[in-house]
Amino acid sequence: MSMLRTMVSQLVKHERIETTVAKAKEVRRLADNMVQLGKEGTLCAARRAAAFVRGDDVIHKLFTELAYRYKDRAGGYTRLLRTRIRVGDAAPMAYIEFIDRENELRQSKPPTPQPPQRAPLDPWTRSRLTRQFAPPKEERSSDSDN
């Protein structure tokens, strides 16, 4: 856990670090939680963040710069980009970086437009439409036995 705390602190400080893919996936989860605390902006959130990250400059950056940058974003503050295979042990390496910043490796995608809202379909209307296009049923009468 100590290594992950240091990596989150370094990610907030430098906004991009290179590490193995497995470590980057764990750091992404924790870094997103720290940005959520920064966006919350309360004294309780500041104390919780201070208990996790290392350094007063990191806490200040979380609660000022990053909170302002991601105020309209609901989540997904980090990006993981696989880069290479490390020479010594063949571990897959990746960059983890904050999105929407200058000098980022890849531009973030624009938000997807929401589809227009459709009116809910009344189940009786649907059955009337089905009756309209279905062939009429033959009526049975009880008098035509003989």
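Structure's up top.
Residues numbered from 1 in each chain as written. Predicted model: local features only at pLDDT ≥ 70, side-chain atom pairs only at ≥ 80, totals over all residues. Heavy atoms only, no water.

Peer 1: Help me understand the side chain of T20 in this model?
Peer 2: You can see T20 is positioned in strand β1 (residues 16-20). Residue class for T20 comes out buried when judged on its relative accessible area of 11%. When sequence neighbours within four positions are dropped, the list of residues in contact with T20 reads R86, A91, P92 and M93. (Helix = DSSP H or I, 4+ residues; strand = E, 2+ residues; numbered from the N terminus. Buried < 20%, exposed > 50% of the residue type's maximum accessible area, 1.4 Å probe, protein only. Contact = heavy atoms within 4.5 Å.)

Peer 1: Could you clarify how one ought to interpret the packing of aromatic side chains in this entry?
Peer 2: Pairs of aromatic rings are described using the distance from one ring centre to the other and the angle between the two planes. Counting across every chain of the model gives two aromatic pairs. When the centroid spacing of 5.1 Å and the interplanar angle of 50° are considered together, the rings of Y70 and Y77 count as tilted. Here Y70 and Y77 have matching classes, each one buried. On the numbers, 6.2 Å between centres and 40° between planes, the contact of Y70 with F98 is tilted. (Phe/Tyr/Trp six-rings, centres within 6.5 Å; stacked < 30°, edge-to-face > 60°.)

Peer 1: Looking at this model, I keep getting lost on the packing of helix α3 (residues 43-52) against helix α4 (residues 56-69). Mind explaining?
Peer 2: Helix packing for two helices is described by the angle between their axes and how far apart those axes are. Interaxial distance between α3 and α4 falls to 10 Å at its minimum, and their mutual angle equals 140°. Compared by their axis directions, α3 and α4 come out oblique. For the pair α3 and α4, the crossing hand works out as right-handed. Contact residues: α3 offers A45, A46, A49 and A50, while α4 offers I59, L62 and F63. Counted by class, the contact of α3 with α4 contains seven nonpolar, no polar and no charged residues. (Axes fitted to C-alpha atoms, helices over the stretch in contact; angles between N-to-C directions. Parallel < 35°, antiparallel > 145°, perpendicular 65-115°, else oblique. Left-handed = near helix turned anticlockwise from the far one by under 90°. Nonpolar A, V, L, I, M, F, W, Y, C, P; charged D, E, K, R; others polar.)

Peer 1: Even after reading the chapter, I still don't get the sheet that holds strand β2 (residues 78-85), so can you show me in this structure?
Peer 2: The antiparallel open sheet is built from three strands, whose spatial order is β1-β3-β2. Looking at the sheet topology across the chains shown, the edges are occupied by β1 and β2. Each strand axis lies, on average, 25° off the axis of its neighbour in the sheet, ignoring direction. Pairing between β2 and strand β3 (residues 92-98): six bridges, direction antiparallel. What sits directly across from R82, in β3, is A94. (Pairing = 2+ DSSP bridges.)

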